Amino acid sequence: MTFLRVMLFSLVVLLAYTLFANILPQVQSDPPKEEKIDLGSLDAAGLAAWGERIFKGQGTCTLCHNELGRAPDLLKLDLAAEFAERIADPRYDGAAKGLDGAAAIEAYLRESMLDPSAYVVAGFGKKGTNDTVSPMPAVDRPPIGLSEAEIDALIAFLEERAGAEITVTAPTGEQAQAAAQDGGEEETGPAETAQAVIERLGCAACHDLEGSGADVGPRLDGIGKRYDRAMIRQSILDPNAHIAEGFEPDIMPQDYAEQLRVSELELLLDYLEKLPAKEAAQ
Amino acid sequence: MNPAGSMRRAWTVVFLVLAATAAALAAPDALAQAADALAQPAPTPTRADYPVIGGLHGRPVVWGFAQMHLFLAAFVLAVPLFVVVIELAGAVTHDARYDVMAHEFMKISMAAYSFTALTGGGLALALFLFYPVVMDYLLKVFRGQALIYAVLFVLESVFLYLYYYSWNALRHGQRKWFHLSLGLVLNTVGLTLMFVANAWTTFMMSPAGVDPATGAITGTVWAATRNPLWNPLNLHRFLANIAYGGAIVGAYAAYRFLSVRSIKERAHYDWMGYTANLIAVAGFLPLPFAGYWLMAEIYAYSQQMGITAMGGVLAWLFIIQALLIGTILLAANYYLWCGLGRTDRGARYAPYVKYIAVVIVGGFLVWVTPHTLILSPEEIRILGGTSHKVLGPLGIMPAKNTAVNLMLVFTFMSFQLFYRSGRVPTVSWAGVGNMVIVALYAVGIVNIVAAGIYGYITPTVYKVGASVPQVVTTLTIIVVSLTIDSFMARGARKVEVHWGRMSTRSQYALFVLPVAFTWLMALMGYIRSSVRTHWHVYTIMKDASADAYIPTIGSAGNMITLVTLAFMAVIVFVFWLSQLGATVQEAPAGGEDRS
Amino acid sequence: MKARVVTFVIAMAAWLVYFYAVDWLIMTRQGLPVAWNLLPAS
């Protein structure tokens, strides 16, 4: 008799939980669909519309870019004013600097997606980094993994919302096929200067280079006196091989070997070897 | 037989076994495959790679086996953990009652071991049958560790049976300490088993030791094991298992309490139930912090994964979690309040109970209030926004952290009241000590609330940061109170505790605990699996099966209830078996047995 | 009775100082600057 009462009681409790789970809003989260786009036939408006679908769908942008405050709410803000303000910010030193109009917006948008830490809007940086490191992942890599064509579509969408002229074009023919399949590789030529390399890889986001004042990573001024060339090379290509005192492993990206051309690496090494030591910090 | 010699021999055997285990654990890479096999990228399965067997899809089968195995494994690992501690208490205080209870806890859980092995085998079979491509990859990543896992199971069996069956043979003096050592080795093996399983689980969520772009294996087994979420999950499961094991044996004690007739037996099972509840609460109190660490590491590893869990599709699950934990805390507290009736002195504290109840219930209501709601446009219009204007703010983290910390502080207070009801301090500084504790509670509570308000009026970054002072305050209150009380108990006049003087209703609190705990565990498993969204190994290997979606909470809830019912059936059977084992049929009265 | 009240008040003051110090330490160690009046330094 006791046994029955206990079992009945337990069943009632279980029923209560099951019921509660079933009366809540039911949402089934499906894996993103592989969208087949006939890219050759897209005009500017079509590209922007595709970009909006990506923004709200497989790009997972709205996960953070909403009114909850984790990232700027791009769908609510006055983007024209917002972008202009950011590019004009004295802190801004990225790809859009020196450009204006739609070209500046395109450069800024592309940079924000491929290298989010190049410029972080005030208050949105990772805790403790003083707005120099962004929590946003680069969109051309997993887990988001957008292709070049998809990134262009997003740029078109945001340019349209900013009321700017759409400067990107849908990829054509074979380019369209390739772009729809793989994950957006940049087809630019090798950088000509060390500064260009630093800019592309975002080194100044963590190291105090070119006046960035960042201190996420160790100071590099006068590094030529502390390390020989081989050691500097190793520190770039295999950051965890030697960690400076007071810093942590696994923070510096480990894939610069894939991202740097040999000529670019040598440029960088020439630059770093010659970097003069600053006056002793106070 | 030379006792010293046999002890030495016994120690030698144990040492050799441990050395062999350590060597095996240190050498998974010695059993590695050829380098070129490792350098291949992770496989990209297609729909055809997921067999449908007998009309069954892989996901529900694996889910069912996995959940049952986890319930049983948690139980089987947890019981020896607290049994060894209780046995130790008995050996140190020379109080035989502790030893008897410890032995009984082991006895009732022995039969569960074979069911754990059964479901484990079933799980392995299901995984290899339904997900051959995934298992192929995971085996490549973890290579020799799979063999070590098998060896550990052998060791677990050996030491479990040794520990249990030698109980009476190794009862006193030196032998008792040897027995305790066996228990220690058993727990070490058990924990290692869990750590190995956790490595595979967390690798699927936050892979390490592999190329992020292709999934090719680039690191050692240790690198894959020591991925970012491994230790947070280790700590979380370690604590949760203890709480879970305590809750389940508490149900046994409650059931026996209601079934036996003699006063002596009722007293025994009442004391057992109290101890079980104590273990459950003690394991439970630090759990929110371990869970918080796990969540923080998930966010640090991948902001997207973190938001999927708490701010996206799975957000409602944490409201169900709040409901379950609220139930658990209410039940545990209710049991403690009823326990005050065991002493005449306890009645003095009865008036305070209603204030504790107000805080627990109030905290629970705050915790269960959601913030972000999935609404249709019409609903948004009616509500005037995506969250309720007044109740919405109760849904964000500062409110929730404040509520949780206060609930934990007041739960500890319930325990402290019961503890004090059995002792009258005789030390000269008792008055001062009491004032220090009361002041600590007062200031601590104000601090927790103040930190919560601080989180409200400051930007997001401060909200999260302000939760740490809250945690530290709660822990300070617990640690300092326990310390002062333990000193104040020296030479205290013991009040008679009438073990057995408990209402029937109070025992039902001990039944709610394991039911809620079991459901909660399955819910958390559903979350852990779902944050991977459509990946087998996050960002490395996509799930291309027909079941790659995250099921709705309703269907998950139904599955969870089904598995919970199955688990309850097994546990009832296990407990019944232990009773059966102690039953002896009397010979018939008519003389010689002719059957 | 009076002795108890005095003890209580002293204990309260001591705990207040202790918790304020601990809070301040914790917040600043997380890189969150805090002004003496508890509001974040702007």
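Asks: What should I look at first to understand the overall build of chain A in this one?
Replies: Along its length, chain A carries eleven helices and zero strands. Relative to its full complement of 282 residues, chain A shows a buried share of 27%. Contacts in chain A between residues far apart in sequence, at least 24 positions, make up 60% of those at least 6 positions apart.

Asks: Explain the overall build of chain B here, please?
Replies: Regarding its fold elements, chain B presents 21 helices and four strands. Taken over the C-alpha trace, chain B has a radius of gyration of 26 Å; the compact-globule value for 595 residues is 25 Å, and the two agree within 12%. Projected onto the principal axes, the alpha-carbon positions of chain B cover approximately 75 × 70 × 50 Å. Relative to its 595 residues, chain B shows a buried fraction of 45%. Partitioning the contacts of chain B with sequence separation of at least 6, the portion at a separation of at least 24 is 81%.

Asks: Help me out: how do you make sense of the interface of chain A and chain B in this one?
Replies: Much of the literature gives interface size as the accessible area that the parts lose upon coming together. Counting from both sides, the interface comprises 30 residues of chain A and, opposite them, 40 residues of chain B. In terms of residue class, the side of chain A that touches chain B is made up of 18 nonpolar, ten polar and two charged.

Asks: Would you explain the domain arrangement of chain B in this entry?
Replies: All names here are of chain B. What the domain assignment reports for chain B is domain 1 (41–326 + 509–580) and domain 2 (344–495). Taking only C-alpha atoms, the centre of domain 1 and the centre of domain 2 are 29 Å apart. At the junction of the two partners, domain 1 supplies ten residues and domain 2 supplies twelve residues. Secondary structure elements with two or more residues in the side of domain 1 that touches domain 2: helix 11 (287–301) and helix 13 (315–339). Here the element with the most residues in the side of domain 1 that touches domain 2 is helix 13; it accounts for five residues.

Asks: Even after reading the chapter, I still don't get the packing of helix 9 (residues 230–259) of chain B against helix 10 (residues 263–284) of chain B, so can you show me in this structure?
Replies: Each packed pair of helices is defined by two parameters, the angle between the axes and the distance between the axes. All names here are of chain B. With their axes 7 Å apart at the nearest point, helix 9 and helix 10 run at an angle of 160° to one another. Viewed along their axes, helix 9 and helix 10 adopt a mutual orientation that is roughly antiparallel. Crossing handedness for the pair helix 9 and helix 10: left-handed. Mapping the contact onto sequence places L239, I242, A243, G246, A247, V249, G250, A253, A254, R256 and F257 in helix 9 and R266, Y269, D270, M272, G273, A276, N277, I279, A280, G283 and F284 in helix 10. Residues that form the contact of helix 9 with helix 10 fall into these classes: 14 nonpolar, five polar and three charged.

Asks: I would appreciate a short explanation of helix 4 (residues 96–130) of chain B in the present structure.
Replies: Since the α-helix turns once every 3.6 residues, residues separated by three or four places project in the same direction. Between its terminal C-alpha atoms helix 4 of chain B stretches 51 Å, which fits the 51 Å expected from 35 residues at 1.5 Å a residue. A maximum bend of about 35° is found in helix 4 of chain B at B:M110.

Asks: What am I meant to see in the nonpolar core here?
Replies: In globular proteins that are soluble, nonpolar side chains generally tend to be buried together. Residue and element names in this part refer to chain B. Within the largest apolar cluster, 171 residues are counted, with the highest numbers of intra-cluster contacts made by F75, Y244, I328, L513 and W519. Looking at this core, the element that brings in the most residues is helix 3 (residues 58–93), giving 20 residues. Residue-level mapping places this core at the junction of two domains, with at least three residues from each of domain 1 (41–326 + 509–580) and domain 2 (344–495). Once you skip the residues sitting within four places of it in the chain, I328 turns out to touch F284, L513, A516 and F517.

Asks: Teacher, can you tell me more about the packing of helix 14 (residues 353–368) of chain B against helix 16 (residues 397–421) of chain B here?
Replies: All names here are of chain B. For the pair helix 14 and helix 16, the least separation of the axes is 9 Å and the interaxial angle reads 155°. The angle between helix 14 and helix 16 places the two elements in the roughly antiparallel class. Judged by the twist between their axes, the crossing of helix 14 over helix 16 is left-handed. Together, I356, V359, I360, G363, F364, V366 and W367 of helix 14 and A399, K400, A403, V404, L406, M407, F410, M413 and S414 of helix 16 make up the contact between the two elements. Grouping the constituent residues of the contact of helix 14 with helix 16 by class yields 13 nonpolar, two polar and one charged.

Asks: Whenever I open this one, the confidence of the model for chain B confuses me. Can you help?
Replies: Caution applies to low-pLDDT parts of the model: their predicted coordinates are not meant to be read in detail. The predicted model of chain B has a mean per-residue pLDDT of 88, with 93% of residues at 70 or higher. In the model output, the complex is listed with pTM 0.73 alongside ipTM 0.88.

Asks: It is not clear to me how the confidence of the model for chain A should be interpreted in this structure. Could you clarify?
Replies: All names here are of chain A. The predicted model of chain A has a mean per-residue pLDDT of 80, with 85% of residues at 70 or higher. Taking the mean pLDDT of every element in chain A, the minimum, 48, falls on helix 6 (residues 173–181) and the maximum, 92, on helix 1 (residues 2–23). Scored below 50 in pLDDT, residues 178–187 makes 18 contacts in the model with residues more than four places away or belonging to other chains.

Asks: So what exactly am I meant to see when it comes to the environment of A:K97 here?
Replies: Summarising the element assignment, A:K97 is placed in the loop between helix 3 (79–88) and helix 4 (101–114). Each C-alpha atom, one on A:K97 and one on A:Y108, is 8.6 Å from the other, the two residues being eleven residues apart in sequence.

Asks: How do you make sense of the environment of B:I445 when you look at a structure like this?
Replies: All names here are of chain B. When you line up the elements, I445 lands in helix 17 (residues 430–457). Assessed through the 18 C-beta atoms surrounding it within 10 Å, I445 is described here as partly exposed. Sequence spacing of I445 and L406 is 39 residues, and the spatial spacing of their C-alpha atoms is 7.1 Å.

Asks: Hey, could you run me through the environment of B:A430 in this one?
Replies: Residue and element names in this part refer to chain B. Following the sequence through the fold, A430 ends up in helix 17. Classification of A430 as partly exposed rests on a count of 14 C-beta atoms within 10 Å. Remark: the alpha-carbon pair of A430 and I457, spanning 27 residues in sequence, is separated by 41 Å. Those residues in contact with A430 that lie beyond four places of it in its chain are P425 and M488.

Asks: How should unusual backbone geometry be read in this particular structure?
Replies: Glycine aside, residues mostly have negative phi, and peptide bonds are mostly found in the trans state. Here the phi dihedral of A:D131 falls at roughly 60°; this positive angle occurs in a residue that is not glycine. Looking at the element boundaries, A:D131 is found in the loop between helix 4 and helix 5 (148–161). At B:T533, a position not held by glycine, the phi torsion is positive, near 45°. Tracing the sequence through the fold places B:T533 in the loop between helix 20 (504–530) and strand 3 (535–537).

Procedures and definitions
- Residue numbers here run from 1 along each chain, matching the order of that chain's written sequence.
- Chain labels run from A onward and ligand labels from 1 onward, assigned in the order the entries are written.
- Reporting in this predicted model follows two pLDDT cut-offs: at least 70 for local features of residues, and 80 or more for side-chain atom pairs to be given and counted; totals over whole chains, interfaces and linings ignore these cut-offs and use all residues.
- Strands are runs of DSSP state E lasting at least 2 residues, helices are runs of H or I lasting at least 4, and numbering of each runs from the N terminus.
- Burial in this document is a count-based property: other C-beta atoms within 10 Å of a residue's C-beta are tallied, and the residue is buried at 20 or more, exposed at 12 or fewer, or partly exposed in between, with C-beta positions derived from the backbone.
- Whether two residues are in contact is decided by their C-beta atoms, placed from the backbone, lying within 7 Å.
- We compute the radius of gyration from the C-alpha atoms alone; for a globule the expected value is 2.2 Å times N to the 0.38, where N is the number of residues.
- Ten residues, namely Ala, Val, Leu, Ile, Met, Phe, Trp, Tyr, Cys and Pro, are considered nonpolar, four, namely Asp, Glu, Lys and Arg, are considered charged, and the remaining ones, Gly among them, are considered polar.
- The domain limits used here are those given by an automatic or database domain assignment.
- As a rule, the C-alpha atoms of each element are fitted with a line to give its axis, helices using only the stretch in contact, and angles between N-to-C directions run from 0 to 180 degrees.
- For classification purposes, angles smaller than 35 degrees are called roughly parallel, those larger than 145 roughly antiparallel, those between 65 and 115 roughly perpendicular, and all remaining angles oblique.
- In this scheme the crossing of two helices becomes right-handed for a clockwise turn of the near helix relative to the far one and left-handed for an anticlockwise turn of less than a right angle.
- Under the convention used throughout, the expected extent of a helix is 1.5 Å for every residue step, that is, one less than its residue count.
- Think of it this way: the bend at a residue is just the angle between two axes, each fitted to seven residues, one set ending at that residue and the other starting at it.
- Only buried Ala, Val, Leu, Ile, Met, Phe, Trp, Tyr and Cys residues enter a nonpolar core, and they are joined through C-beta atoms within 7 Å.
- pLDDT expresses how confident the predictor is about each individual residue, on a scale running from 0 to 100.

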